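Structural overview
Listed below, chain by chain, are the residues.
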Amino acid sequence: MSIMSRWARVAVARPVGRLLDYRCSQKLYPGQRVLVPLGNSQCTGLVLECFDSPPPTKLRAIEAHLDPVPIFDSGLCKTLAFACHWYRCDPGQLVRAALPAGLGISTMKQLIRLPEAPWPEAKSLQALESLFQGDRTVRAQDLDKKDLKALLSSGAVSCDTRITQPAPEPRIERIRATKDPEFLPKRNKSQRQLLEHLIKIGDWVAVSQLRHIKGLRRLIRLLETADALERSTQSLHEVVDHVDRIPEPTEEQAAVLDAVDLKGGFSQHLVYGVTGSGKTEVYLQLIKKVLDQGKSALVLVPEIALTPQMVSRFSARFGNQVAVFHSGLKDSERRSSWHRSLRGESRIAIGARSAVFAPCHQLGIIIVDEEHDSSYKQGENPRYHGRDLAIVRAKESDCPVVLGSATPSLETWHRAQNRRQNSQVHRLKYRATGATLPSIELIDLKSIPFQKRLPVSPPLYEAIERTLERKEQAILLLNRRGWAPLMTCLDCGFECQCPHCSVALVSHRPQRLVCHYCGFEQSPPTHCVECNSTQIGELGQGTQQLEQHLRGLFPQARVGRLDSDVGRRRGAVRGLLERFAAQEIDVVVGTQMLAKGHDLPSVTLVGVILADRGLQLPDPRGSERAFQLLTQVAGRAGRAGKPGRVLFQCFDTQHPVIQAACQHDGDGFLRWEQSRRQAMGLPPFRRAALIRCSHRDRKSAAREVQRLSRISSPGCQILGPAPSVMERHRDQWRFQFLITAERAQDLQFHLARLEDQKRPKNSGFRVVVDVDPSELM
Ligand SMILES: [Zn+2]
Ligand SMILES: [Zn+2]
């Protein structure tokens, strides 16, 4: 039999912008890593497609196979291939997103002395001969470039390329309790707490999962000496079944569990449940069934650092079956999660956006929690949408996908309404605890005297006071971090702006001005650069100021703050949420980070300082985001039986978004938004791509965007061009336009034409193509 000719389509781990084809002699499978020639060097690649036919053109050959069996299954390979095509992103960047750092396998050139050849006589090379004694090899990178060249041309040594293996997987250290804490004296509080925690879990716990505990190492040592716990540093193997008690599902939850067919291949499910309706419990029980079938599960959550409770619930139920993926992990931790998923030791992968590429095999279900969350869309290259890729991966893996939300995105809701592609909507109308949804009251700021309006109007003040009297908790939302959003000259009105972007600098404490878009910082000016006046004042309020204001209003209350300034410190968000849950804080002030699915049982009051903020933004998605934020934050109130109260302070009390949020009328809002989008010819009725063009020179950027926006193709409409909302960003002037098309293939055809018209990378123009953009303007 003749040797079969084969070839493969490979995503190489370098920014070459497209998939490359190579021929191969051995049988190859999608999902295997290979070493391929690229220019004059070699690089690692991931095989995405294989063909058992003669290659269409003359191709270079694959040099080595790096994996004996595929590391990615075909469902994931097809998802990656889809993402390369649909988002028009660089396959190299996608592969890097899919493989944890250190797994991109690199190569090393090594030199070997050839025994027959004489050593060159050049003086400078004499000293090097000793390096090669006893058949030792020398790394090419350790030699001077000139010496290396001379040695190679002399023929005394030969050069080999060797594959360097990734760093070994770190061992996993786990502990478990072996004694009741009774033997400990009462004063050893932290030792007792740790031991009680371990007993509650009742099994081995990875030490890395307990990292948030203060003085953990010392506590483990003390308890180990007292024979109260066992430590092991082996790899994880055994299957841990559910550890905590499984609650009986409510009637509504049971209906969803029955309706999701785990054996029938691909289907789409929207679990549309009010806040607190127990969506997580539905996920947990579905996953249990999937594990019982011997399959694995993938769970996406938005911004995992903000939702430590979610991971804790999964760990409590499934123990070491859970592998966590998110950007806050160290490289070694991420590699460990990745290996455990790959080897099937952990059959549940849970993580933010990029976990959609987790190497799970035999997927039985994919779950996307809070599917509406904008963090699923990656804002930089590769610009993929985690939720949409999750649906693609479920389809390619032939398993159901469950999207959960209390405020579904218009895209998902629209798709579910059309009942296309085997999709269903499941409603959870009641809270699992039996609590009722909080009543929402509007405070019309127009009717309140100017001086008393903001930030805390008299009715809100009174409500906070009552809440504190009852020893309950309150959260206050103000979607602006920092001290004051504006620093202006009170004489001429000059605003302090970022020198690199077209936005106002935000005042922070301790005294400094910060650009929230590029991070530029400066100390506040002492006088106006326009009119030299020293009357410089701060206008408006941010979370820092609100926090201090509340401390003044309620000196007896313990006030905390949650925003991304706080969140920058590792573990700070978790610490704050834990202290709040332990009732060590009475009031938390914060940005939209407050609305992220936290379950805070003692919160009975939610105040929104400016509920209609953001409704005037030009982006058509602004109202959807505002509705989601208001509903989600209101949903934090009164979850555990005690009635909740929500107050929205606003100027435009009649705005349809405010009215719908007030009446918990999600369907009403979605219908209103749907007809608006249809009238505007925007997604979900048409597919869209945003093209943004930037250059250091304003005129050049404007001319270039004009040129690109004049390209036309059948079925496509162009909206714009116009300056971006932030016209200047990091010294680049930005213009943009939107391409919409009813049919996806028309949009792709247009984008391909646009690609051909793009100027080269070194031209100073930057063109960003954002398919399915999260911002429409
Ligand atoms: Zn001035
Ligand atoms: Zn800036």
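None of the values given here were measured: they were computed from a predicted structure.

1. A few points about the overall build of the chain
Across its full length, the chain holds 22 helices and 33 strands. For a compact globule of 777 residues, the expected C-alpha radius of gyration is about 28 Å, and the chain comes in at 30 Å, within 12% of that figure. For the C-alpha atoms alone, the extent of the chain along its principal axes is close to 95 × 75 × 60 Å. Looking at the 777 residues of the chain, the share that counts as buried comes to 53%.

2. Observations concerning the sheet that holds strand E27 (residues 587-590)
Sheet architecture is open: 6 strands sit in the order E19-E29-E28-E20-E27-E26, paired in parallel fashion. Two strands bound the open sheet, and with one partner strand each, they are strand E19 (439-444) and strand E26 (559-562). This sheet shows a mean twist of 20 degrees between the axes of neighbouring strands, independent of strand direction. For strand E20 (residues 473-477) and strand E28 (residues 603-608), the ladder comprises 5 bridges, and the chain directions are parallel. Looking at the pairing, Ala474 lines up with Leu605 of E28. Lying over the sheet, helix H18 (residues 622-634) contacts E19, E20, E28 and strand E29 (645-650), oriented at roughly 155 degrees with respect to E28.

3. What about the packing of aromatic side chains?
Applying the stated criterion to the full structure yields 9 aromatic pairs. Centre to centre, the rings of Phe357 and Tyr384 are 5.2 Å apart; their planes meet at 65 degrees, and the pair counts as edge-to-face. Taken together, the residues span a long stretch of sequence, with Phe357 in the loop between strand E15 (348-351) and strand E16 (363-368) and Tyr384 in the loop between E16 and helix H11 (386-397) at a distance of 27 residues. In this pair, the class of Phe357 matches that of Tyr384, namely buried. Clustering of aromatic rings is evident, with ring pairs tying together Phe627, Phe669 and Trp672. Positioned over the ring face of Tyr29 is Lys27, at 5.6 Å from the centre of the ring. Over the ring of Phe183 we find Lys179; its NZ or CZ atom is 4.5 Å from the centre of that ring.

4. Notes on helix H22 (residues 744-757)
In a regular helix each residue adds 1.5 Å, so 14 residues correspond to 20 Å; H22 covers 20 Å between its end C-alpha atoms and thus fits that length. Elements that come into contact with the buried residues of H22 comprise helix H1 (74-86), strand E30 (687-695), helix H21 (698-709), strand E31 (716-729), strand E32 (732-741) and strand E33 (766-771).

5. A closer look at the coordination of the zinc ion (ligand 1)
Around the zinc ion (ligand 1), the protein contributes the donor atoms Cys489 (SG), Cys492 (SG), Cys528 (SG) and Cys531 (SG), at 2.3 Å from the metal centre. One way to put it: the 4 donor atoms around the zinc ion (ligand 1) meet at angles of 106 to 115 degrees, and that makes the site tetrahedral. Read in sequence order, the donor residues coordinating the zinc ion (ligand 1) give the pattern C-x2-C-x35-C-x2-C. With Cys492 in the loop between strand E21 (486-489) and strand E22 (506-508) and Cys531 in the loop between strand E24 (521-522) and strand E25 (536-539), this pair connects stretches of sequence that are 39 residues apart. According to the relative accessible area criterion, Cys531 is partly exposed, its value standing at 36%.

6. Concerning the environment of Pro455
Take Pro455: it is sitting in the loop between helix H13 (450-453) and helix H14 (458-469). Overall, Pro455 belongs to the buried group, its relative accessible area being 1%. Beyond its immediate sequence surroundings of up to four residues, Pro455 is in contact with Leu460, Gln541, Leu546, His549, Ile609 and Gln649.

7. Some words on the sheet that holds strand E12 (residues 268-273)
Ordered in space as E14-E15-E13-E16-E17-E12-E18, the 7 strands form an open sheet in which the pairing is parallel. With partners counted over all chains shown, the strands left at the sheet margins are strand E14 (322-325) and strand E18 (423-428), one partner each. Across the sheet, the mean angle from the axis of one strand to that of its neighbour is 15 degrees, orientation sign disregarded. This element, helix H10 (residues 331-342), spans E14 and E15 of the sheet and lies at about 135 degrees to E14.

8. Some details on the side chain of Thr591
With respect to the helices, strands and loops of the structure, Thr591 is situated in the loop between E27 and E28. Setting aside anything within four residues of it in sequence, one finds Thr591 in contact with Leu477, Leu478, Asn479, Arg480, Arg481, Thr543, Leu562 and Asp563.

9. Thoughts on the packing of helix H7 (residues 251-259) against helix H8 (residues 279-292)
One way to put it is that H7 packs onto H8 with a least axis distance of 10 Å and a crossing angle of 35 degrees. Between H7 and H8 the crossing geometry is right-handed. Along the contact surface, H7 presents Gln253, Val256 and Leu257, while H8 presents Glu281, Val282, Gln285, Leu286 and Lys289. For the contact of H7 with H8, the class distribution of residues is 4 nonpolar, 2 polar and 2 charged.

10. Some remarks on the side chain of Gln285
Here Gln285 lies in helix H8. Those residues in contact with Gln285 that sit more than four places away from it in its chain are Ile246, Pro247, Pro249, Leu257 and Arg317.

11. Brief notes about the environment of Phe325
Considering the arrangement of structural elements, one finds Phe325 in strand E14. What makes Phe325 buried here is its relative accessible area of 7%. Along the chain, Phe325 and Cys501 lie 176 residues apart, while their C-alpha atoms are 34 Å from each other.

12. Examining the packing of H1 against H11
Contact geometry of H1 with H11 gives a least axis separation of 8 Å together with a crossing angle of 140 degrees. Between H1 and H11, the angle is such that the two are oblique. Of the two elements, H1 crosses H11, and the hand of that crossing is right-handed. Taken together, the residues of H11 that come into contact with H1 (itself represented by Gly75, Leu76, Lys78, Thr79, Phe82 and Ala83) are Leu389, Val392, Arg393, Glu396 and Ser397.

Parameters at a glance
- Residues numbered from 1 in each chain as written.
- Chains lettered and ligands numbered in written order.
- Predicted model: local features only at pLDDT ≥ 70, side-chain atom pairs only at ≥ 80, totals over all residues.
- Heavy atoms only, no water.
- Helix = DSSP H or I, 4+ residues; strand = E, 2+ residues; numbered from the N terminus.
- Rg over C-alpha atoms; globule rule 2.2 N^0.38 Å.
- Buried < 20%, exposed > 50% of the residue type's maximum accessible area, 1.4 Å probe, protein only.
- Pairing = 2+ DSSP bridges.
- Axes fitted to C-alpha atoms, helices over the stretch in contact; angles between N-to-C directions.
- Contact = heavy atoms within 4.5 Å.
- Phe/Tyr/Trp six-rings, centres within 6.5 Å; stacked < 30°, edge-to-face > 60°.
- Lys NZ or Arg CZ within 6 Å of the ring centre and 35° of its normal.
- Expected span 1.5 Å × (residues − 1).
- Donors = N, O, S within 2.8 Å, 3.2 Å for Na, K, Ca; no water.
- Tetrahedral: all angles 85-135°; square planar, octahedral: opposite > 155°, others 65-115°.
- Left-handed = near helix turned anticlockwise from the far one by under 90°.
- Nonpolar A, V, L, I, M, F, W, Y, C, P; charged D, E, K, R; others polar.
- Parallel < 35°, antiparallel > 145°, perpendicular 65-115°, else oblique.

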